[in-house]
Structures are given as C-alpha cells and as structure tokens.
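A look at the structure
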Amino acid sequence: MTAAKQAKLQVPLKDFYTTQDVAALIQVSENAVRDLAYRELDPLPFRRLFTRMRGMFIARRELAEWVDRNSRLVSEVRRAEHGA
C-alpha cells in the first residue's frame, strides 16, 4: 500500500461521519456503505438534514452501536468454526 493511500484512509475522530468516512473506517467501498444504509434488516442509521437528497451522515455513537450488532468477535467465529 502506498503512503498516499494510507494517509487517505485515516479518519479523524468526529461526532458525525460521512459515507466516505464510514467506508474508510469499516474498510469497505462507499457503494457497500450505501447498500448497508438502504438494506431492510438493521440498516446503517444514516441521517439527512430536512429534505436534502445528498449529504448523509451518521453519529459516531450510532455507528459504534450498529457495528457491535452487525459483527462478531474473531475469537467467537474461530470457536464456532472449530466446534468448540
């Protein structure tokens, strides 16, 4: 990975994140973030101000809660795979 690409992936700590920020934070594409925001079951809780069509954002707290609900600890996955 180039130094420029590594610098691009860094997201500062903020109260609210954009789709671009979330993509970098959870290491998926922006299209994947949008797909997650529009899925029927437990979508990413993005918000928009008033009736704007652009500029979705998500609160840091809500993102953390969503990630907790929609991910598993690696140790749990490994135990499940090995029948422990």
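Structure: above.
The following refers to the structure shown. On a predicted model such as this, the values are computed, not experimentally measured, just so you know.

Right, let's talk about the overall build of the protein for a bit. Helix and strand content of the protein: 5 helices and 2 strands. The order of helices and strands in the protein, counted from the N terminus, is α-β-α-α-β-α-α. Taking all 84 residues of the protein together, the buried fraction comes to 20%. Long-range contacts, defined here as pairs at least 24 residues apart, represent 37% of the contacts in the protein between residues at least 6 apart. For the protein, the exposed surface amounts to about 6,800 Å²; the carbon and sulfur share of it is 54%.

Two numbers describe how helix α2 (residues 19-26) lies on helix α3 (residues 30-38): the axes approach to 8 Å, and their chain directions differ by 105°. In terms of orientation, α2 and α3 fall into the roughly perpendicular class. Counted together, Thr19, Gln20, Val22, Ala23 and Ile26 of α2 and Glu30, Val33, Arg34 and Leu36 of α3 form the full contact between these two elements. For the contact of α2 with α3, the residue count by class is 5 nonpolar, 2 polar and 2 charged.

Here is what the cut-offs are and how they apply
- Residues numbered from 1 in each chain as written.
- Predicted model: local features only at pLDDT ≥ 70, side-chain atom pairs only at ≥ 80, totals over all residues.
- Heavy atoms only, no water.
- Helix = DSSP H or I, 4+ residues; strand = E, 2+ residues; numbered from the N terminus.
- Buried < 20%, exposed > 50% of the residue type's maximum accessible area, 1.4 Å probe, protein only.
- Contact = heavy atoms within 4.5 Å.
- Areas by Shrake-Rupley, 256 points an atom, 1.4 Å probe, with all protein chains shown as cover.
- Axes fitted to C-alpha atoms, helices over the stretch in contact; angles between N-to-C directions.
- Parallel < 35°, antiparallel > 145°, perpendicular 65-115°, else oblique.
- Nonpolar A, V, L, I, M, F, W, Y, C, P; charged D, E, K, R; others polar.

Structural measurements only, silent on function.
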